[in-house]
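For reference, the chains in residue letters:
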Amino acid sequence: MTIPTLTTARLLLKPLVADDAAQIQHLYPRWEIVRYMVSSVPWPYPENGAEHYVNNVALPDMAKGIAWFWSIRRLESPDALMGIICLYDVEDNNRGFWLAPEYQGKGYMREASMAATDYWFNSLNKPVLRAPKAAANSRSQRISVSSGMRLIRTEKKAYVSGLLDSELWEITRDEWNARHVS
């Protein structure tokens, strides 16, 4: 399945390509971003970290049809990557994202998340979306709450910043479509 470009009122979500690694490498390795990432993310982030991840994890998983990755860009500046959002067809971890700090607090990630979640339910026809997150990640929690997700489980998990309380949030396709008519 070819991954489409998604558009919102302000954003362009372009399928991830190898050339995106250079911009990811420039934006991603910052504590504000990585502290709530899973502990498998190397820290300090290596000089080839983005290239390795894009070419050896993201693109192969996209080719297998188990992942959908998009770079997040503003419509007004489509060449500048702001962050990444992805969907994964794995148990209890279906959506993840990051946004460079200079773009946070402007509603961009909520907008990108709505587009990707709608794609999950109404293009991929998945029955449920689950998103794990560090309990301390209040910005990510607000995105889950605003989209109608509910907290279904808490546990301890290893993140780059250490062993933290972790939450698993969920919404079903029926719940999504009842709230978000396309």
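This structure is a prediction, so every number in the text was calculated from the model and none was measured.

Caption draft 1: Molecular detail of the environment of serine 161. The residue serine 161 is located in the loop between strand S7 (150–159) and strand S8 (162–172) in this model. Serine 161 sits in the partly exposed class, given a relative accessible area of 33%. It is 4.8 Å that separates the C-alpha atoms of serine 161 and arginine 35, two residues lying 126 residues apart in sequence.

Caption draft 2: Seen up close, the pattern of salt bridges. Summed over the entire model, instances satisfying the criterion amount to 14 salt bridges. As a salt-bridge pair, aspartate 61 and lysine 64 come within 3.4 Å of each other at their nearest N and O atoms. By relative accessible area, lysine 64 is classed as exposed at 58%. Where arginine 153 meets aspartate 92, a salt bridge forms, and the shortest distance between an N and an O atom there is 3.0 Å. In this pair, arginine 153 sits in strand S7 while aspartate 92 sits in the loop between strand S4 (77–88) and strand S5 (95–99), placing the two residues 61 residues apart along the sequence. For arginine 153, a relative accessible area of 34% puts it in the partly exposed group. Judged by relative accessible area, aspartate 92 falls into the buried class, the value being 14%. It is possible to trace a salt-bridge network through shared partners that takes in Asp92, Arg130, Arg150, Arg153, Glu155, Lys157, Glu170 and Glu175.

Caption draft 3: Fine view of the sheet that holds S7. With antiparallel pairing, three strands are arranged side by side in an open sheet as S6-S8-S7. A single partner strand is all that each edge strand has here, and the edge strands are strand S6 (128–134) and S7. Pairs of neighbouring strands in the sheet enclose a mean axial angle of 25°, with direction left out of account. As judged from the seven bridges shared by S6 and S8, these two strands associate in the antiparallel manner. From the neighbouring strand, arginine 130 faces S8, where its bridge partner is glutamate 170. Set on the sheet, helix H4 (residues 108–122) makes contact with S6 and S8; between it and S6 the angle comes to about 145°. Lying on the sheet, helix H5 (residues 138–146) is in contact with S6 and S8; it crosses S8 at an angle near 15°.

Caption draft 4: How the structure looks around the nonpolar core. Counting 53 residues, the largest nonpolar core has Ile24, Tyr28, Phe69, Trp70, Ile85, Leu87 and Trp98 as its most contacted members. Tryptophan 98 has contacts with Ile24, Leu27, Tyr28, Ile33, Met37, Ile72, Leu81, Met82, Gly83, Ile84 and Met109, leaving out every residue within four places of it along the chain.

Criteria and cut-off values
Residues numbered from 1 in each chain as written. Predicted model: local features only at pLDDT ≥ 70, side-chain atom pairs only at ≥ 80, totals over all residues. Heavy atoms only, no water. Helix = DSSP H or I, 4+ residues; strand = E, 2+ residues; numbered from the N terminus. Buried < 20%, exposed > 50% of the residue type's maximum accessible area, 1.4 Å probe, protein only. Salt bridge = Lys/Arg side-chain N within 4 Å of Asp/Glu carboxyl O. Pairing = 2+ DSSP bridges. Axes fitted to C-alpha atoms, helices over the stretch in contact; angles between N-to-C directions. Contact = heavy atoms within 4.5 Å. Core = buried A, V, L, I, M, F, W, Y, C linked by side-chain atoms within 4.5 Å.

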